[in-house]
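Below, each chain spelled out in residue letters.
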Amino acid sequence: MLLQLLINTLIVGSGYALVAMSFRLMYSVSPFFNLTLGSVVAAGAYSALYFTSSLGIYAIIPATIIAALLSWALEALAYKPMRDHGASPMILLVASLGLYTIFESIISLIFGAKYYALGNFAESNQMMGIPLVQLLIIILAFATFGGLNWFLHHTFMGKQIRAVHDSANLAHIIGMKTDKIIMIVAVITGAVLGITGVLIGYDTGMEPTMGFNLLFKGMIAAIIGGMKNMRGAFLGALFLAFSENVAVWVFASEWRDLVAFIIFITFLYLRPHGIFQKKGVNA
Amino acid sequence: MKKILIALAVVAAVGFGIWKLQFPKVEATSDKPTIKIGAILPLKGDYEAVGEIAKETLLMFQDNLKKRNLKNNYEFIIEPTDVIDMKSVVNAARKVILVDNADAVISYWNNPGIIVSEVTKGKDILHINLGSDMTVVKTGNNFNFAPSPVEQTRRSLEYMSKNGVSKLAILSCNNQWCADIKDMYVKQAPNFNVEVTGVESVNIGTKDFSTTIEKLQRTSPELYTLVLETPEYEIARKKMLEKGIKTPVTTVEMNEYTEQLDMFEGSWYVCNPEGDKTFLNRYKEFSGLTITTNAAYIYDIASLMVDAFENANNETNATEVLKKMKTFKGVTGEAKQSDNFFVTRDVVKKVINNERVLIEE
């Protein structure tokens, strides 16, 4: 049974991890709780839904591009001007809530509030006993984790991102184009979230609120793991998924969220900097 | 400022025009008193198709009324809502009752019924809900009209017993209707020598069913009953198929609402009757729709309301007329009233064959 729990954890946790890592990456250069990242997930899924009749599985390409562009546009047209006018993280959070609501309403207007599934739910290709789409989510999560770690530590751009994360003001003073760096991060984040949205759309379907629900879990995972650390976001997501699955197994299915949130609050209380993060250390 | 006002006026005019086109009011034509009946229907969201059936049924009912010599005129005000979004139901109920001044209200399913019963509290407005929640009928002017969960699960267990099923696992969700059905299964199963091997309830919005299904699978049931709503119903079934679970599944009503019948191929379930043949032929001819989910129930609710208002007089209002009505013979069969709850006893068994629903018994 433990093996089965671990497999279930890996499947669910990988989805959370993708969102948690994207959230953490974006937060590192633009430190506020950006709720429109949820809109970007939904934009990816619904774009795939729109293109899937003509492009089939290749709908993932335009969906990813649209999600990346949306993420960039939000940053360039909404948050940057607000930051330039001295908006605080609280103002940006409220603005992102407003923008999230606008995007959710637009999706509802175009596609309706009903539930859609990408692909045929009755047909599920499997590999090693795991549905292909879930396997892809796991692979994407590990690839994103490895790829982002490598990118942040071994490329010039990655080092610039880390510098902005450490001190945006200092980075700006020494001549780094911080706005450009934030835009690049927004595009990377948008692309990852877009693909995630498409894969989730294939796995469990989509509805206009899908992004918020996922982002919520992703944020919790990132906080549990440690906001200053990509590894923390990844492991935090797996930890959250494991807790949820253990709660279902030991208690009952309806205890799932209750147990997960008790753990979350406990961590905030006892270890606010996260499980995998030492106080004040960035990585 | 002037431009903004003009733009707002144009938007309001266009919105009103669209609304009028979508939901035409069927106006009274003579000087007889007009009874306004508001219908709060799920015309948005996951259950839009079901709401469309109800809307067509009411328009057909309105059309049928023209042939009858009645003492009142009847005007139906159809308000679209999303049954998942309770805010939209509250707004629709307030609009129909407080703005349109409806004399009576029809609501669809339990939660909207509870909301409407709260809004009608203290007002002389007749309300009939297509649902079975007892909270709705707490106050005098509210009625339920539905098959009882007791009867639905009794018939379901009867079929299980007949087919030699002795071990049942229940996967349900945390809403009132699902909880009622689940409880009735658990309570009545011993009467049919069916052992409930496992019961799991998930929260609304659950997407990950892996461990829940694993847990139920380990109880070795011979049949699963899925008492869930869309989309949890489809996601749970998908996860069962992905796990390679070959054990058959059944449900109460839910296959009437899913758009993914292919996942439930070969399974049987119990649900509400479709109505008599005359009704069905007229409905299909009028609406052009082939799916009939709950059309007969909406028709009977509208008939009940009209009967109540037609038989009301200065001494007895419509609510009192209904309270005194112990039985009602409609297109769904005979319904018996007890404590403001009209219960229909007919339950049909259906099977899914080649992605089509067939009535078996």
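Every chain begins its residue count from 1, and numbering advances along the sequence as written. For naming, the first written chain is A and the first written ligand is 1, with later ones following in the order written. In keeping with the predicted nature of the model, local features appear solely for residues at pLDDT of at least 70, side-chain atom pairs appear and are counted solely at 80 or more, and the whole-chain, interface and lining totals rest on all residues. Water and hydrogen atoms play no part in the side-chain values, which are based on all heavy atoms of the structure.

A. Region of the structure containing the overall build of chain A. Across its full length, chain A holds 11 helices and two strands. Taken over C-alpha atoms, the radius of gyration is set against a globule rule of 2.2 Å times the number of residues to the power 0.38. For 283 residues, the compact-globule formula gives about 19 Å, and the C-alpha radius of gyration of chain A, at 18 Å, lands near that figure. Out of the 283 residues belonging to chain A, those deemed buried represent 53%. Across chain A, contacts joining residues at least 24 apart in sequence account for 78% of those joining residues at least 6 apart. What counts as a helix is a DSSP run of H or I of at least four residues, what counts as a strand is a run of E of at least two, and both are numbered from the N terminus. Each residue is assigned to one of three classes by its accessible area relative to the maximum for its type, calculated with a 1.4 Å probe on protein chains only: buried under 20%, partly exposed between the two thresholds, exposed over 50%. We call two residues in contact when some of their heavy atoms are within 4.5 Å.

B. Focus on the overall build of chain B. When its secondary structure is counted, chain B shows 11 helices and 15 strands. Taken along the three principal axes of its C-alpha coordinates, chain B extends 65 × 55 × 40 Å. Considering chain B as a whole, with its 361 residues, one finds that 58% of them fall into the buried category. A separation of at least 24 residues holds for 66% of the contacts in chain B among residues at least 6 apart in sequence. Areas reported as accessible are Shrake-Rupley estimates using a 1.4 Å probe. Residue values count occlusion only from the protein chains shown. With an accessible surface of roughly 15,300 Å², chain B has 52% of that area assigned to carbon and sulfur atoms. In this charge count, Lys and Arg are treated as positive and Asp and Glu as negative; neither His nor the chain ends contribute. Charge coordinates come from a single atom per side chain, which is NZ of Lys, CZ of Arg, CG of Asp or CD of Glu. Of the side-chain charges in chain B, 44 are positive and 48 negative, and the distance between the mean point of each set is 2 Å.

C. How the structure looks around helix H3 (residues 86-99) of chain B. Residues and elements named next belong to chain B. Expected helix span is computed as 1.5 Å times (number of residues minus one). An ideal rise of 1.5 Å per residue puts 20 Å on 14 residues; H3 measures up with 19 Å between its terminal C-alpha atoms. Among all positions in H3, only Ser88, Val89, Ala92, Ala93, Val96 and Ile97 are buried. For H3, the arc enclosing every buried residue in end-on projection is 150°, short of the 170-degree limit, so these residues lie on one face. Opposite its buried face, H3 presents the exposed residues Lys87 and Val99, each directed more than 90 degrees away. In this fold, the buried residues of H3 make contact with strand E1 (34-41), strand E2 (73-80), strand E3 (104-108) and helix H4 (110-119). At the exit of H3 stands asparagine 101, carrying a positive phi of roughly 55°. Picture the helix axis, draw a direction to every C-beta atom, and the arc is the one those directions span.

D. The interface of chain B and chain A, seen in detail. At the junction of the two partners, chain B supplies 28 residues and chain A supplies 29 residues. The junction of chain B with chain A conceals about 2,500 Å² of combined surface from both sides, 48% of it contributed by carbon and sulfur atoms. A pair is scored as a salt bridge if a Lys or Arg side-chain nitrogen falls within 4 Å of a carboxyl oxygen belonging to Asp or Glu. Our count for the chain B to chain A interface comes out at four salt bridges. Put simply, Asp208(B) and Arg256(A) hold a salt bridge, and the shortest N to O gap is 2.6 Å. We call two N or O atoms a polar contact when they sit within 3.5 Å, provided that within protein one can donate a hydrogen and the other can accept it, with sequence-adjacent residues counted only if both atoms are side-chain atoms. Applying the counting rule to chain B against chain A returns 16 residue pairs in polar contact (both at pLDDT 80 or more). Listed by contribution, the elements that provide at least two residues to the side of chain B that touches chain A are strand E7 (195-202), helix H7 (210-217) and helix H8 (232-242) of chain B. Per-element tally for the side of chain B that touches chain A: the top contributor is H8(B), with six residues. The nonpolar class holds Ala, Val, Leu, Ile, Met, Phe, Trp, Tyr, Cys and Pro. Asp, Glu, Lys and Arg form the charged class, and all remaining residues, Gly among them, are polar. Of the residues belonging to the side of chain B that touches chain A, the class tally is five nonpolar, eight polar and 15 charged. What gets called buried area is simply the loss in accessible area from a 1.4 Å probe that two parts show on being joined, summed for both.

E. Quick look at the packing of helix H2 (residues 36-55) of chain A against helix H9 (residues 210-225) of chain A. Residue and element names in this part refer to chain A. Running from amino to carboxyl end, H2 crosses H9 at an angle of 130°, the nearest separation of the two axes being 7 Å. Considering their axes alone, H2 and H9 lie oblique with respect to each other. The chirality of how H2 crosses H9 is right-handed. In contact with Leu37, Gly38, Val41, Ala42 and Ala45 of H2, H9 contributes Met210, Gly211, Phe212, Leu214 and Leu215. Of the residues in the contact of H2 with H9, the class split is eight nonpolar, two polar and no charged. Axis definition: a line fitted to C-alpha atoms, over the contacting stretch in the case of helices. Angles run 0 to 180 degrees between N-to-C directions. Here the word oblique covers every angle except those under 35 degrees (roughly parallel), over 145 (roughly antiparallel) and from 65 to 115 (roughly perpendicular). By convention the crossing between two helices is left-handed if the near helix lies anticlockwise of the far one by an angle smaller than a right angle, and right-handed if it lies clockwise.

F. Inspection of the packing of helix H8 (residues 178-204) of chain A against H8(B) at higher detail. Between H8(A) and H8(B), whose axes approach to 9 Å, the crossing angle comes to 85°. One way to sum up the angle between H8(A) and H8(B) is to call them roughly perpendicular. Contact residues: Tyr202(A), Asp203(A) and Thr204(A) in H8(A); Ile235(B), Lys238(B), Lys239(B) and Glu242(B) in H8(B).

G. View of the side chain of Asn272(B). Residues and elements named next belong to chain B. Among the secondary structure elements, asparagine 272 is positioned in the loop between strand E10 (268-271) and helix H9 (277-287). Polar side-chain contacts of asparagine 272 include one of 3.0 Å to the side chain of glutamine 152. Apart from the residues lying within four places of it in its own chain, the contact partners of asparagine 272 are Pro147, Gln152, Glu253, Asn294, Tyr297 and Val348.

H. Looking closely at H2(A). Residue and element names in this part refer to chain A. With 20 residues, H2 should reach 28 Å at 1.5 Å per residue; the first-to-last C-alpha distance of 27 Å fits that figure. Bend, in this description, refers to the angle at a residue between axes fitted to the seven residues ending there and the seven starting there. At leucine 49, H2 is deflected by roughly 30°, the largest bend along its length. Looking at the residues trailing H2, positive phi occurs at glycine 56, about 65°.

I. Structural detail: the environment of Ile110(A). Mapping Ile110(A) onto the fold places it in helix H4 (residues 89-111). For the pair Ile110(A) and Leu55(A), spaced 55 residues apart in sequence, the C-alpha to C-alpha distance is 20 Å.

J. Representation of the pairing of E3(B) in the model. All names here are of chain B. In terms of burial, E3 is a largely internal element, five of the five residues being buried. Residues Ala104, Ile106 and Tyr108 line one face of E3 and the alternating positions Val105 and Ser107 line the opposite face, and both faces are buried. A pair of strands is treated as paired once DSSP finds two or more bridges between them. Two strands pair when backbone bridges link them, and E1 and E3 are joined in this way by four bridges, in the parallel orientation. Note that in E3 the partner of alanine 39 across the bridge is isoleucine 106. In terms of strand pairing, E3 meets strand E4 (residues 126-130) through five bridges, oriented parallel. Within the sheet, the bridge partner assigned to isoleucine 106 lies in E4 and is isoleucine 128.

K. Examining the sheet that holds strand E14 (residues 348-353) of chain B more closely. All names here are of chain B. With antiparallel pairing, three strands are arranged side by side in an open sheet as E10-E14-E15. Sheet topology places E10 and strand E15 (356-359) at the edges, where each strand pairs with a single neighbour. The average undirected angle you get between the axes of adjacent strands in this sheet is 35°. Pairing geometry for E10 and E14, over four bridges, is antiparallel. From the neighbouring strand, tyrosine 269 faces E14, where its bridge partner is lysine 350. Strands E10 and E14 of the sheet are contacted by helix H5 (residues 149-162), whose axis makes an angle of about 155° with E10.

L. Focus on the environment of Val348(B). Residue and element names in this part refer to chain B. For valine 348, the location among the structural elements is in strand E14. Residue class for valine 348 comes out buried when judged on its relative accessible area of 14%. A sequence separation of 192 residues divides valine 348 from serine 156, and the C-alpha atoms of the two residues are 9.5 Å apart.

M. The packing of aromatic side chains, seen in detail. Stacked, edge-to-face and tilted labels apply to pairs of Phe, Tyr and Trp rings (six-membered ring for Trp) whose centres lie within 6.5 Å, assigned for plane angles under 30 degrees, over 60, and everything in between, in that order. Taken as a whole, this structure holds 28 aromatic pairs over all chains when the rule is applied. Between Phe216(A) and Phe261(A), the aromatic rings sit 5.6 Å apart at their centres with planes inclined by 35°, giving tilted as the arrangement. One end of the pair, Phe216(A), is in helix H9; the other, Phe261(A), is in helix H11 (residues 256-270), with 45 residues separating them in the sequence. On the basis of relative accessibility, which here comes to 38%, the residue Phe216(A) falls in the partly exposed class. For Phe261(A), a relative accessible area of 26% puts it in the partly exposed group. Seen from their ring centres, Tyr47(B) and Tyr257(B) are 5.8 Å apart, and the 80° between their planes marks the pair as edge-to-face.

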